[in-house]
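Each chain, letter by letter, is given below.
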Amino acid sequence: MPTVSTETARVPEDISGRQRRIPVGRITWRHTFHALRHRNYRLFFWGQLVSLIGTWMQQTAISWFVYEITNSKFLLGLVSAVGSAPMVLSSIWGGSLADLHPKRSILVATQSSQMLCAFLLAAGVWLGFATPWFIIIVAAANGIAMGFDMPARQAFTVEMTSREDLLNAISLNSSIVNGARVVGPSVAGLMIGAVGVAMCFLLNGLSFIAVIAGFLMMRLPPFQRPAHAVSAGEHAWNGIVYSIKHQRVRTILLLFLAVGVFGWSYTVLMPAFARDVLGRGANGYGVLMSASGAGAFIGALVVATYGHLFTPRRLALGGVWLFSAALLAFSLSRNFYVALAFLFVAGFGMLLFFSTSNTVLQTIVPDDMRGRVMGVWSLVFGAMIPLGSLEAGAAAHWVGTPFALAFGAIICAASALITLFMIRRREAGTSN
């Protein structure tokens, strides 16, 4: 009787870093959507899909609107930076709250706050008081809400699914984030020319209704508040100390910061690259953003299906190097369609790194520390966007957009190489 081959998923142990193997059956495309067997995750998945399309529409519209009314690459970077900088201040407290309070309640509050910000932007454009300073203030308020939202949402994933389905759930979530990156910018590019940016903001505000309704419909066990004898400040600080002392967590976060500052910031320069280098308008800008999103979307589906067959190191570092090579080639391209192809590959590579690093972080930390570690992850995410936006905007202002993109690609590749050297050196020391 023929034997049936069975694949096994690699799930890191909480503390040791050694992997245990879990049977998952034959590898088919059914495995791609395995996390959707959980009702709560299905509600989250479809609500997020609707909401994230609106989010990417708004992000695309804000960048185009700011560049249109100011014609300043530096302000383009400044608005993006200020919109994310508050996350640095609020994410640590957000991670602490996620370990102490019901995550669903936190998420309903943060999503409602972001919905209000979208409506304010729509009103500002329609009534004519949407100056760059107004946009900066609203973006900062939205950033504060995101700082509390991100750690709670990341830590909530394992509660909506299971530890065994965590990689699949995170990859599926990445697929809808990046699927929305395909649809949202394209729709925004068409709507900006047809009905204006205000409609993009309004539709984004309405899209939050779907995700809020999904959270309210979930069936969750009664929340058990953890017993703790420390103050709120010490509770949050413990998460920072743990992240610094835990060697694997520290390594992941440092590489995440380097790639985020010098690599992820390429999106900030897309309006300038589309208009000044490729000679395209709002539609071309939207298509460029969609190409990167399409690559990331395909990457997310590949990771969701086959990611557990590869070591996290190979996926993460390989993704960084693939992204770096594609971004460098993109910076040198002057043909619109060649640029689209390189952006597609860059999006694919970036997703491999982001999805894998996020999953490893969540699986190597204990449950009672997950919210705070994801708070530190959100802090790094919040810091890398303003730092990267300012770096990219300043570099593009002084030496040109193509050089700024090429410089970022080289730094990302070097950072991954240094990380690999550090990992091998640590392993050599452990084996001796």
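Structure: see above.
For clarity, every value in this text was computed on a predicted model and none was experimentally measured. (Residues numbered from 1 in each chain as written. Predicted model: local features only at pLDDT ≥ 70, side-chain atom pairs only at ≥ 80, totals over all residues. Heavy atoms only, no water.)

## With respect to the packing of aromatic side chains
- Scanning the entire structure with this criterion turns up 13 aromatic pairs.
- Geometrically, the ring pair formed by Phe45 and Trp46 is edge-to-face, given 4.9 Å between the ring centres and 90° between the ring planes.
- A relative accessible area of 6% places Phe45 in the buried class.
- Here a set of aromatic residues connected by ring pairs shows up, and it is made of Tyr41, Phe44, Phe45, Trp46, Phe156 and Phe215. (Phe/Tyr/Trp six-rings, centres within 6.5 Å; stacked < 30°, edge-to-face > 60°. Buried < 20%, exposed > 50% of the residue type's maximum accessible area, 1.4 Å probe, protein only.)

## Points about the nonpolar core
- Of all hydrophobic cores here, the largest spans 107 residues; its most connected members are Tyr41, Met270, Leu288, Phe330 and Phe354.
- Looking at this core element by element, the count peaks at 12 residues for helix α1 (residues 39–70).
- Leave out the neighbours within four places in its chain, and Phe354 touches Phe256, Val259, Trp264, Phe381 and Met384. (Core = buried A, V, L, I, M, F, W, Y, C linked by side-chain atoms within 4.5 Å. Helix = DSSP H or I, 4+ residues; strand = E, 2+ residues; numbered from the N terminus. Contact = heavy atoms within 4.5 Å.)

## Some points on the environment of Phe262
- Among the structural elements, Phe262 can be located in helix α9 (residues 247–262).
- Once the C-alpha coordinates of Phe262 and Ala404 are considered, the two residues, 142 residues apart in sequence, prove to be 9.1 Å apart.
- Among residues more than four places away in sequence, those in contact with Phe262 are Glu391, Phe407, Gly408, Ala409, Ile411 and Cys412.

## Digging into the side chain of Thr157
- For Thr157, the position within the fold is in helix α5 (residues 132–160).
- From its side chain, Thr157 meets the backbone oxygen of Arg153 in a polar contact 3.2 Å long.
- If we ignore the near neighbours within four places in the chain, the residues touching Thr157 are Leu166, Ala169 and Ile170. (Polar contact = N/O pair within 3.5 Å; in protein donor to acceptor, adjacent residues only side chain to side chain.)

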